[in-house]
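The lines below spell out each chain.
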Amino acid sequence: MGPLLAAWALLALLPVSEQGPHEKRLLNTLLASYNTLERPVANESEPLEVKFGLTLQQIIDVEWNDYNLRWNDSEYGGVKDLRITPNKLWKPDVLMYNSADEGFDGTYQTNVVVRNNGSCLYVPPGIFKSTCKIDITWFPFDDQHCDMKFGSWTYDGNQLDLVLKDENGGDLSDFITNGEWYLIGMPGKKNTITYACCPEPYVDVTFTIMIRRRTLYYFFNLIVPCVLISSMALLGFTLPPDSGEKLTLGVTILLSLTVFLNLVAETLPQVSDAIPLLGTYFNCIMFMVASSVVLTVVVLNYHHRTADIHEMPQWIKSVLLQWLPWILRMSRPGKKITRKTILMSNRMRELELKERSSKSLLANVLDIDDDFRHGPPPPNSTASTGNLGPGSPRCSIFRTDFRRSFVRPSTMEDVGMGHHRELHLILRELQFITARMKKADEEAEVISDWKFAAMVVDRFCLFVFSLFTIIATVAVLLSAPHIIVQ
């Protein structure tokens, strides 16, 4: 019992705290004649300075000095601060002008911390929804600047003066990193505006939230697949027309790009103020793929054309068979395309046809019927000497030997009409066969020209669309304010 009695004696000697009665008496004294509608200033002609700050964690920091809430802490048992509900005190009606919240003021009413020197600290948390104009011109490489404009709703600048608590702007120390946006900064600015309706100045504090979109997601999920799909469209020009999958590949790629464009459209806000950079890029690539499908149809049309239906115009011969192959460094088997052959194309073509007809042995039989009708050639003619004019020597010898084997000059008068008619029928048959062979050669030449023209169009589209895809991709990346923000 001895130690227990000693402990009780020690506790009896300790001073008893009278903090509760002093705080109650202080509150009764301060609020007895306090009017919440009265602006707390010593001189009515002076403005009340309110320090305004913002922490980017859904907190507003408002601080002012209330002249009516001052006391001597020694008279109230050392009480230096109080927590008073805001509906018991005067507080500045600072609201966000560009609020988009249904309740307009999205703050939660908390107690006001009042100190003995009259300073009042009001830190209400809240979720703020503001109106902000979004500029999607450079999407997804865009920066957005959203303003949060705070000011008194009823007091002008002569009655209430808003002052930035921190000249650097808002407090970003407690900001939680966002996965879609990178916070550049949140500067603040005090504005004093005098409207035409009223001579009094009105003060507001505007915080600008500067954010930058993180582009890593969009780069690897939209841009890279778009480039790969467009490169597959280019590979379609290297596919042979006879494979049967040339047109199917182009249509499939066009449908794939349409799906990607729908994904981009779902990501963007539905505004018509500007066309986003990514949307412009996708539209360019889709235009390129659609054009490749159209030109693939042209290539297949050219490749499967026949000589008996389609005759090649002269301008196609000049462009697709001469100039473009020379520019693209293309050549045909046995035909080297040079500038000299292009300039002399018409003359060379006639010479090639004549040379081809002179080399055909069966084509020279066409002249035998005329030889029989006019009798043997004179001794000084070109036939007796073995030289038949424009024909080659081998063809001249053939005609002379053929005539000597069937008709001899010395026995020309003894040949009967029946024998001559049979020989004439044989020559007519040879003439028909030779004409068919000549026509087949010409048709094969025309078909070969159309197929080569289709090949030239394919090669030209491959170069042009490859260059277009590279230029479009590089132009989009270089025109963006930034490329990759992780």
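Small disclaimer: the values here were computed from a predicted structure and weren't measured.

> Any details on the overall build of the protein chain? Residues and values, ideally.
Tallying secondary structure elements over the protein chain gives eleven helices and eleven strands in all. Across the protein chain, the fraction of contacts at a sequence separation of at least 24, relative to all contacts at a separation of at least 6, is 75%. When the accessible surface of the protein chain is split by element, carbon and sulfur atoms take 59% of a total near 29,500 Å².

> Before we move on, can you summarise the environment of Pro481 with the specific residues and values?
Here Pro481 lies in the segment after helix H11 (417-479). Sequence separation between Pro481 and Phe141 is 340 residues, and the spatial gap between their C-alpha atoms is 6.4 Å. Excluding anything up to four places from it in sequence, Pro481 contacts Trp138 and Phe141.

> So what's going on with the nonpolar core? Residues and values would help.
In this structure, Phe282, Tyr302 and Leu320 are the most contacted members of the largest nonpolar core, which totals 46 residues. Those elements that provide at least two residues to this core are helix H3 (216-235), helix H4 (246-267), helix H5 (277-303), helix H6 (314-327) and H11. If you look at the next biggest cluster of nonpolar residues, it comprises 40 residues, including Val41, Ile84, Phe150 and Leu183.

> Talk me through empty space enclosed by the protein; I want residue IDs and the actual numbers.
To find the voids left in a structure, one rolls a probe of water-molecule size over its atoms. Scanning the entire structure with this criterion turns up one cavity of 30 Å³ or more. Estimates place the volume of the largest cavity at around 60 Å³. As for the largest cavity, its lining consists of Ala233, Gly236, Phe237, Lys246, Gly250, Ile253, Ser292 and Thr296. Counting only elements with at least two residues in the lining of the largest cavity, the list comes to H4 and H5. Sort the elements by how many residues they give to the lining of the largest cavity and H4 lands first, with three residues. Looking at the lining of the largest cavity, its residues break down into three nonpolar, four polar and one charged.

> Help me get a handle on unusual backbone geometry, residues and values and all.
For the bond from Phe139 to Pro140, the omega torsion is 0°, close enough to zero to count as cis. With respect to the helices, strands and loops of the structure, Pro140 is situated in the loop between strand E6 (117-122) and strand E7 (143-152). For Arg329, which is not glycine, the phi dihedral falls at a positive 60°. Structurally, Arg329 is set in the loop between H6 and helix H7 (339-343).

> A description of a nonpolar patch on the surface should follow, citing residues and the corresponding values.
On the surface, Leu216, Phe220, Ile483 and Ile484 cluster together into a nonpolar patch covering about 340 Å² of accessible area. In this structure, Ile484 sits in the segment after H11. By relative accessible area, which is 40% here, Ile484 ends up partly exposed.

> Quick rundown of the state of the cysteines? Include the residues and the values.
Under the counting rule described, the total for this entry stands at one disulfide. Across a sulfur-sulfur distance of 2.2 Å, Cys132 and Cys146 are joined as a disulfide pair. Classification of the bridge connecting Cys132 and Cys146 rests on its S-S torsion, roughly -85°, and on that basis the disulfide is left-handed. With Cys132 in the loop between E6 and E7 and Cys146 in strand E7, this residue pair connects regions lying 14 residues apart in the sequence.

> Let's hear about the pairing of strand E10 (residues 188-194): which residues, and what values?
Pairing between E10 and strand E11 (residues 201-213): seven bridges, direction antiparallel. By the bridge assignment, Thr194 is partnered in E11 with Pro201. Between the end of E10 and the start of E11, which pair antiparallel, lie six residues.

> Quick rundown of H4? Include the residues and the values.
Look at H4: 33 Å from first C-alpha to last across 22 residues, which is about the 32 Å you get at 1.5 Å a residue. The complete set of buried residues in H4 reads Lys246, Gly250, Ile253, Leu257, Phe260 and Val264. Along the axis of H4, the buried residues cluster in a sector spanning 90°; they form a single face. Pointing more than 90 degrees away from the buried face of H4 are the exposed residues Leu255, Val259 and Glu266.

> Describe the sheet that holds E6, and please don't skip the residues or the numbers.
Pairing is mixed across the open sheet formed by six strands, whose spatial order is E3-E5-E6-E2-E1-E8. At either end of the open sheet lies a strand with only one pairing partner, and these are strand E3 (81-84) and strand E8 (160-164). Mean inter-strand twist for the sheet, computed between neighbouring axes without regard to direction, equals 25°. Sheet analysis places strand E5 (residues 112-115) next to E6, joined by two bridges and oriented antiparallel. Residue pairing in the sheet places Val114 in a bridge with Cys120 of E6.

> Can you explain the packing of H3 against H4? Please cite residues and give values.
Put simply, H3 and H4 touch, their axes get as near as 10 Å, and they point 160° apart. Between H3 and H4, the interaxial angle falls into the category roughly antiparallel. Every pair of crossing elements has a handedness; the one defined by H3 and H4 is left-handed. Contacts between H3 and H4 involve Tyr218, Asn221, Leu222, Pro225, Cys226, Ile229, Met232 and Ala233 on the former and, on the latter, Leu249, Ile253, Ser256, Leu257, Phe260, Leu263, Val264 and Thr267. In the contact of H3 with H4, the residues fall into 13 nonpolar, three polar and no charged.

> Mind laying out the confidence of the model for the protein chain, listing which residues take part and the relevant values?
When the pLDDT values of the protein chain are averaged, the result is 79; 79% of them are 70 or greater. Segment residues 1-18 is flagged for pLDDT under 50; beyond a separation of four residues in sequence, or across chains, it makes zero contacts in the model. Confidence drops under a pLDDT of 50 for residues 365-412, and excluding neighbours within four residues, the segment shows 42 contacts in the predicted structure.

> Describe the packing of H4 against H5, and please don't skip the residues or the numbers.
Close contact between H4 and H5 brings their axes to 9 Å; oriented N to C, the two are set at 165°. In terms of axis orientation, H4 runs roughly antiparallel to H5. Crossing handedness for the pair H4 and H5: left-handed. Side by side, H4 and H5 meet where Lys246, Leu247, Gly250, Val251, Ile253, Leu254, Leu257, Thr258, Phe260, Leu261 and Val264 of the first sit next to Leu278, Phe282, Asn283, Ile285, Met286, Val289, Ala290, Val293, Thr296, Val297, Val299 and Leu300 of the second. Its residues assigned to classes, the contact of H4 with H5 comprises 18 nonpolar, four polar and one charged.

> Give a detailed account of the pairing of strand E1 (residues 48-55), specifying residues and quantitative values.
Within E1, six of the eight residues are buried, which leaves the element mostly enclosed by the surrounding structure. Sheet topology places E1 next to E8; five bridges connect them, and they run parallel. Within the sheet, the bridge partner assigned to Lys51 lies in E8 and is Val163. With six bridges connecting them, E1 and strand E2 (residues 59-70) associate as antiparallel partners. Within E2, the position partnered with Phe52 by the bridge is Val62.

What counts, and at which threshold
- Residues numbered from 1 in each chain as written.
- Predicted model: local features only at pLDDT ≥ 70, side-chain atom pairs only at ≥ 80, totals over all residues.
- Heavy atoms only, no water.
- Helix = DSSP H or I, 4+ residues; strand = E, 2+ residues; numbered from the N terminus.
- Contact = heavy atoms within 4.5 Å.
- Areas by Shrake-Rupley, 256 points an atom, 1.4 Å probe, with all protein chains shown as cover.
- Core = buried A, V, L, I, M, F, W, Y, C linked by side-chain atoms within 4.5 Å.
- Buried < 20%, exposed > 50% of the residue type's maximum accessible area, 1.4 Å probe, protein only.
- 1 Å grid on protein atoms, 1.4 Å probe; cavity = no way out; pocket = protein on both sides within 12 Å on 5 of 7 lines; lining within 4 Å.
- Points joined across faces, edges and corners; volume = space filled by probe spheres on them.
- Nonpolar A, V, L, I, M, F, W, Y, C, P; charged D, E, K, R; others polar.
- Patch = residues over 30% accessible without salt bridge, like charges linked within 9 Å, V, L, I, M, F, W, Y side chains within 5 Å.
- Salt bridge = Lys/Arg side-chain N within 4 Å of Asp/Glu carboxyl O.
- Disulfide = S-S within 2.5 Å.
- Pairing = 2+ DSSP bridges.
- Expected span 1.5 Å × (residues − 1).
- Arc of directions from axis to C-beta.
- Axes fitted to C-alpha atoms, helices over the stretch in contact; angles between N-to-C directions.
- Parallel < 35°, antiparallel > 145°, perpendicular 65-115°, else oblique.
- Left-handed = near helix turned anticlockwise from the far one by under 90°.
- pLDDT = per-residue confidence, 0-100.

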